[in-house]
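Descriptive analysis of the structure
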Amino acid sequence: MLRRVVAAVLVAPLAGLIAVVPSPAEAAGSTGGGCKGRNCVPAPPGDDGGAGASSGGGSITVQVSGTAVRGGGEQVEVPASSVRAHPVCWYGFVATGAEYASWWDEGRFDELMRRLPEEDHFEPYPGYAEHREDTEGGWWSPRCSSEHWPDGDWDGFFDYTSRYFDTHSAVYVVPGEVPPEADVPPEVLAEIAYEQMELPVGRLAWNPMRAGDGATVVGVDTWVWVEDALESVSVTASVSTGTWARVDASLAGLSVQAAGSHGAQCVGAGTPWSESADPAGACRLWFDRSSANQPVKPGYSVPTATMTAEARWTASWVSSLDPTPRELTGQSVEASAEVPVAEIQSLVTASG
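Given the structure is predicted, the values throughout are model-derived calculations rather than measurements.

1. Here's the deal with the state of the cysteines
Applying the stated criterion to the full structure yields 2 disulfides. Two residues share a disulfide in this structure: Cys89 and Cys144, whose sulfurs sit 2.0 Å from each other. Torsion about the S-S bond of the Cys89 and Cys144 cystine: about 105°, corresponding to right-handed handedness. Here the residue Cys89 occupies a position in strand 5 (residues 89-96), and Cys144 occupies one in strand 6 (residues 138-145), the gap between them amounting to 55 residues. This pair shows no difference in class: Cys89 is buried, exactly as Cys144 is.

2. Observations regarding unusual backbone geometry
Comment: phi is negative for the bulk of residues other than glycine, and the bulk of peptide bonds are trans. Of the consecutive residues Asn207 and Pro208, the connecting peptide bond is found in the cis state with omega at 10°. The phi dihedral of Asp228 falls on the positive side, at around 55°, and the residue is not glycine. Here Asp228 shows up in the loop between strand 10 (221-227) and strand 11 (230-238). On the basis of relative accessibility, which here comes to 61%, the residue Asp228 falls in the exposed class.

3. Examining the nonpolar core
Among the nonpolar cores identified, the biggest contains 66 residues, and Val62 and Met307 are the most heavily contacted of them. Excluding its chain neighbours within four sequence positions, the residues that come into contact with Val62 are Ser81, Ser82, Val83, Ala85, Leu189, Ile192, Ala237, Ser238 and Val239. Tyr100, Leu112, Tyr128 and Tyr172 belong to the second largest nonpolar core, which has 16 residues in total.

4. Focus: the sheet that holds strand 8 (residues 203-207)
On the basis of which strands lie adjacent, the open sheet formed by 3 strands has the order 8-10-14 and antiparallel pairing. Lying at the two open borders of the sheet, with one neighbouring strand each, are strand 8 and strand 14 (283-286). Each adjacent strand pair in this sheet contributes to an overall mean axis angle of 35°, direction not counted. Across 5 bridges, strand 8 lies against strand 10 in antiparallel orientation. Within the sheet, the bridge partner assigned to Leu204 lies in strand 10 and is Val226.

5. Considerations on helix 5 (residues 154-167)
With 14 residues, helix 5 should reach 20 Å at 1.5 Å per residue; the first-to-last C-alpha distance of 20 Å fits that figure. Those residues of helix 5 lying buried are Gly156, Phe157, Phe158, Tyr160, Thr161, Ser162, Tyr164 and Phe165.

6. Regarding helix 3 (residues 97-105)
Every buried residue belonging to helix 3 is among Gly97, Tyr100, Ala101, Trp103 and Trp104, and all of these are buried. Looking straight down helix 3, one finds that the buried residues subtend no more than 160° of arc, so they occupy a single side. Those residues of helix 3 that are buried lie in contact with strand 5, helix 4 (110-115), strand 6 and strand 7 (171-173).

What counts and what doesn't
Residues numbered from 1 in each chain as written. Predicted model: local features only at pLDDT ≥ 70, side-chain atom pairs only at ≥ 80, totals over all residues. Heavy atoms only, no water. Disulfide = S-S within 2.5 Å. Helix = DSSP H or I, 4+ residues; strand = E, 2+ residues; numbered from the N terminus. Buried < 20%, exposed > 50% of the residue type's maximum accessible area, 1.4 Å probe, protein only. Core = buried A, V, L, I, M, F, W, Y, C linked by side-chain atoms within 4.5 Å. Contact = heavy atoms within 4.5 Å. Pairing = 2+ DSSP bridges. Axes fitted to C-alpha atoms, helices over the stretch in contact; angles between N-to-C directions. Expected span 1.5 Å × (residues − 1). Arc of directions from axis to C-beta.

Okay, here's the thing in structure tokens:
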């Protein structure tokens, strides 16, 4: 597969692998690969394929929208937005009908085909002779660039460009019409959806929470939970061609730390305290000393322990081209709160 689509040249050390080709056959000519069929025709030797003109237009509008679900099943909308993204594959201008016919008739492809294995020989664009007098319309053909492909996923890039070249042939565009619209692959849309996904922690709550200063107590279970926590978020990024990718993220758990406590690893967003709540699923801290030795933070009148909750989210994505979920690297977001920790003194006396 690699040999087939890599017409690739490194245009700059950091610019990415560029396969800016009028058709897959140019890639075959560069690497000895195997593009076959009537539409696998490279630009003539010495021609740049009209790289300055393309159907990509530099970038494409991507619509982003989504939903989220709070604990208890309440569904809320994620505000819609739009971003601009660069296509990975698009159509680029090759030549006018007259120019292309002249190149073919003058044998400018002959030398290239003599260097190719016989099974890789190609034919001219279908119907090229019908446009041999045209000087205003022109031939457009597919090309691809890795510059805007997700970093490191070379196998995915080659798979996508191979499919693109298999399903996109050179076309003739008459004056007044436009070339085929560029597309953004699902892999890039998934990356956009993930980047646009804002995963909140919410507001930390705890119990005991003493009236007046909100203090918890040394030596008892302190329940911690996230009020109005979101349990899942789904964000979809789509383009006008109908291609879309959806990222689904779920809150996996909390990692809670606080000065003077042993910390806790908890499932989900924790269980809100109530007299009837099941303690089995609660997120509980145990403070073994008060916050008296902690500094008084700005805005507080008593010493507090800083409690930090790191929410761990797992994520996967599906697309219009593949319903099989693919895992994404999880995200973590943090929230914090200042918690006074009191120590209750008791006096025990003996009778009799």
